[in-house]
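Read off the chains here:
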Amino acid sequence: MIKIWSMKKNEEQAAKKKPKTSAAQIRVQKDLTELELSSTMKTNFPDPADLLNFQFIITPDEGMYTGASFTFSFAISTNYPHEPPKVKCVPKIYHPNIDLEGNVCLNILREDWKPVLNLNSIMVGLQYLFLEPNPSDPLNKEAAEDMIKNRATFIDNVKHSLRGGQVKGVQFDRVVN
Amino acid sequence: MATATVAQAADWPGRYHHVDQVLEQPGPRTDEAWMPGAPAKSFRENIKILVIGAGGLGCEILANLALMGFKDIHVIDMDTIDVSNLNRQFLFRPSDVGRPKAIAAAEFIMKRVPGVTVTPYHGKIQDKGTDYYMQFTLVICGLDSVEARRWINATLVDMVDEENQDSLKPLIDGGTEGFRGQARVILPTITSCYECSLDMLNKQTAFPICTIANTPRLPEHCIEWASVLEWPRVRGDEKMDTDNPDHITWLYNLAAARAKDFKIEGVTWALTQGVVKNIIPAIASTNAIIAASCCNEAFKIVTSCAPYLDNYFMMIGTDGVYSYTFQHEKRPECPVCGGELLDISVPRSWTVERFIESLIERQDIQVKKPSLMSGAKQIYFQAPPQLEAATRPNLEKLLSDLVADGSEMTVTATTLPFNLNVRITYI
């Protein structure tokens, strides 16, 4: 062990920082404080001291989901950004890419997640799902089939579900005021 | 049984004859200041080494260290022994199934190698604090978890104290996956750390959730359907315990039924466990190669008898054998070992707002819209709006009321590649 400390002494920038917070925590601080959210998106921290668990609310201002508000829960593990955050849609909604349990089919939440992506990319991705639902990669198969078969009926079903109505016997949560 | 008497026996003549060849005279590239003979051999008496993980790599590492002459070895592992471990984790016997790995491994080594003390800890590395890790000269990891590696790496980087050279604990990290493996030497704060190379990791295999839900083609799709979608749907908030055989059986039954519906073959109990625990194929001989290179480097570091690995050795045995050793570079923006520490003197009368203005004015850091955090305490956040509003009242407060003299703050900003740490001294 004779040379190691002297290597350190030779370093110009010998004074190194000492992280009191975990790498995940720092990264989340960076992601959150650099969020650039449009007026249709906002965050809500039930416990502002807990940056790893929060809600994200989208209120689309165009497309067939206009006028409703959709709350998602974000749970970030201490292994972030190696692992993506766990994101769920809180209300039960009628959407081809979101199932009745709140699971969301968005590639960057699973198979295409990379540590270079950040919370902003996920939030923009979620908003995109409401502007352009994608029936060819469905998670709610019935909704996807409805959308492919007859777009007008599908839009009616969406409007009805957003007011807390039933679609084919399934009761949805009211997400409009 | 003569175990106890053997364990107390003094080293017999010639015990370390082979190892001593490299400790009695310098090699061509041994450091000039090196002292051969007794000083080099003193590691047997005065070095305490920590092995993290007593699994496939850990068993090999413990055996190698004991046979090389390390006498004071500690081992941590949180797992218990499973039948499936016995094919390669050779310190364990069928009668050990269900026992803690750390304890069984320590007992076996002490029984087999006279004069070695192995101190086990059955539990998580996170249970132990800085005081515990400070007692070791060096740490070797044989882990299968990225999270555990990130934790020990950050902990050892954090422990480095400029005033105390014993606070620098070299970390040797081994890892294998099938025929591939790597060994690396991390000198915390000096060389590239584990976090620096996080982007080199292979992506975990994840399947699109819509494939799992609707169009399964592989047995793994059926297993993921059961674990990712059906478990939370049916069992609600109950936490899945991947070490609980009943939970695996529950998932296996569902996955097998689904596989039958979709005419997919290959769902087995073992595959179910493998998928949900993310078990990586382990080959005993790859573990042996990687563990051996980790131990050789540990030996060279503690004895200084020859130059050690600088700093990353990889071996790919999947297509012939390819190996490559290179110096992985430190990442300046690494959130663990990178970033700069800037000492800033602040008048006690300054508000947080005045301090932020002074940061923005500084030519050397070029920061715009900085957000500040001290430990877990939010000082001021530029975004999102709720947290900005919650921290805004702090702008008018005195910085000295929020951050103690001599403590550090993490500064993040879009203009910074990662983060900047500032240490505050009040004037």
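Residues numbered from 1 in each chain as written. Chains lettered and ligands numbered in written order. Predicted model: local features only at pLDDT ≥ 70, side-chain atom pairs only at ≥ 80, totals over all residues. Heavy atoms only, no water.

Colleague: Even after reading the chapter, I still don't get the UniProt feature "domain: UBC core" (unreviewed entry) in chain A, so can you show me in this structure?
Modeller: Those residues carrying the UniProt feature "domain: UBC core" (unreviewed entry) are residues 23-167 of chain A in this numbering. Its end C-alpha atoms 45 Å apart, residues 23-167 of chain A is made of 31% helix and 15% strand. (UniProt positions renumbered as here; feature names shortened; annotations may be inferred. Helix = DSSP H or I, 4+ residues; strand = E, 2+ residues; numbered from the N terminus.)

Colleague: Mind showing me how you'd approach the environment of B:S197 here?
Modeller: Structurally, B:S197 is set in the loop between β6 (180-186) and α9 (209-214). Beyond its immediate sequence surroundings of up to four residues, B:S197 is in contact with B:R184 and B:H328. (Contact = heavy atoms within 4.5 Å.)

Colleague: Help me understand the UniProt feature "active site" (unreviewed entry) in chain B, please; the structure alone is not making it clear to me.
Modeller: Listed under "active site" (unreviewed entry) in the UniProt record, and renumbered for this structure, are B:C210. On the secondary structure map, B:C210 appears in helix α9. Assessed through its relative accessible area of 7%, B:C210 is described here as buried. Contacts of B:C210, omitting those with residues within four sequence positions, involve A:C105, A:D137, A:P138, A:L139 and B:T215. (Buried < 20%, exposed > 50% of the residue type's maximum accessible area, 1.4 Å probe, protein only.)

Colleague: Looking at this structure, I do not really get the UniProt feature "domain: E2 binding" (unreviewed entry) in chain B. What am I missing?
Modeller: Feature annotation in UniProt assigns "domain: E2 binding" (unreviewed entry) to the following positions: residues 344-427 of chain B. End C-alpha atoms of residues 344-427 of chain B are separated by 10 Å, and the span's content is 25% helix alongside 29% strand.

Colleague: Please explain the sheet that holds strand β2 (residues 53-58) of chain A as it appears in this structure.
Modeller: Paired through backbone hydrogen bonds, the strands of a sheet run either parallel or antiparallel to each other. All names here are of chain A. The strand order across the open sheet built from 4 strands is β1-β2-β3-β4, with neighbouring strands paired in antiparallel fashion. Looking at the sheet topology across the chains shown, the edges are occupied by β1 (41-44) and β4 (86-89). Recorded for the sheet is a direction-independent mean angle of 25° between the axes of neighbouring strands. The pairing of β1 with β2 spans 4 bridges and is classified as antiparallel. Note on β2: the bridge partner recorded for K42 is I57. (Pairing = 2+ DSSP bridges. Axes fitted to C-alpha atoms, helices over the stretch in contact; angles between N-to-C directions.)

Colleague: Would you mind going over a negative patch on the surface with me for this structure?
Modeller: Taken together, B:E353, B:E357, B:E361 and B:E396 make up a surface patch of like negative charges. Looking at where B:E361 falls in the secondary structure, it is placed in helix α14 (residues 352-361). (Patch = residues over 30% accessible without salt bridge, like charges linked within 9 Å, V, L, I, M, F, W, Y side chains within 5 Å. Areas by Shrake-Rupley, 256 points an atom, 1.4 Å probe, with all protein chains shown as cover. Salt bridge = Lys/Arg side-chain N within 4 Å of Asp/Glu carboxyl O. Lys, Arg positive; Asp, Glu negative; His and termini not counted. Charge placed at Lys NZ, Arg CZ, Asp CG, Glu CD.)

Colleague: Can you help me understand helix α13 (residues 284-303) of chain B in this one?
Modeller: Since one α-helical turn is 3.6 residues long, residues separated by three or four positions face the same way. Look at α13(B): 28 Å from first C-alpha to last across 20 residues, which is about the 28 Å you get at 1.5 Å a residue. Immediately beyond the C-terminal end of α13(B), within one or two residues, lies B:S304, with a positive phi of roughly 55°. (Expected span 1.5 Å × (residues − 1).)

Colleague: Mind showing me how you'd approach the interface of chain A and chain B here?
Modeller: Reports of interface size often rely on the accessible area that becomes lost once the parts have come together. Opposite the 52 residues of chain A that make contact, chain B presents 68 residues. Interface of chain A and chain B: buried area, both sides summed, is about 5,500 Å²; carbon and sulfur atoms make up 58% of it. Across the chain A-chain B interface, the total number found is 1 salt bridge. In this structure, the salt-bridge partner of B:E224 is A:R110, at a minimum N-O distance of 2.5 Å. On inspection of chain A and its partner chain B, the count reaches 14 residue pairs in polar contact (both at pLDDT 80 or more). Breaking the side of chain A that touches chain B down by element, the ones donating at least two residues are α1 (4-10), α2 (23-33) and β1 of chain A. (Buried area = accessible area lost by both parts, 1.4 Å probe. Polar contact = N/O pair within 3.5 Å; in protein donor to acceptor, adjacent residues only side chain to side chain.)

Colleague: Hey, could you run me through the pairing of strand β2 (residues 72-77) of chain B in this one?
Modeller: Successive residues of a regular strand alternate their side chains across the two faces of the sheet. Residue and element names in this part refer to chain B. Of all 6 residues in β2, 5 are buried; the element is thus mostly enclosed. With helix α5 (residues 56-68) bridging strand β1 (residues 48-52) and its parallel neighbour β2, the resulting β-α-β unit is right-handed. The sheet contact formed by β2 and strand β3 (residues 117-122) spans 6 bridges and is parallel. By the bridge assignment for β3, D72 is matched with T117. In this view, the connection linking β2 to its parallel neighbour β3 by way of helix α6 (residues 101-112) has right-handed handedness. (Right-handed = clockwise from strand over helix to strand, strands pointing away.)

Colleague: How do you make sense of the nonpolar core when you look at a structure like this?
Modeller: Note that soluble globular proteins tend to have their nonpolar side chains buried in a common cluster. Judged by nonpolar contacts, the single largest core of 55 residues is most densely connected at B:L62, B:L65, B:F70, B:I73, B:I109 and B:I140. If sequence neighbours within four positions are ignored, B:F70 has contacts with B:F43, B:I47, B:I49, B:L65, B:V116, B:A298, B:F299 and B:V302. (Core = buried A, V, L, I, M, F, W, Y, C linked by side-chain atoms within 4.5 Å.)

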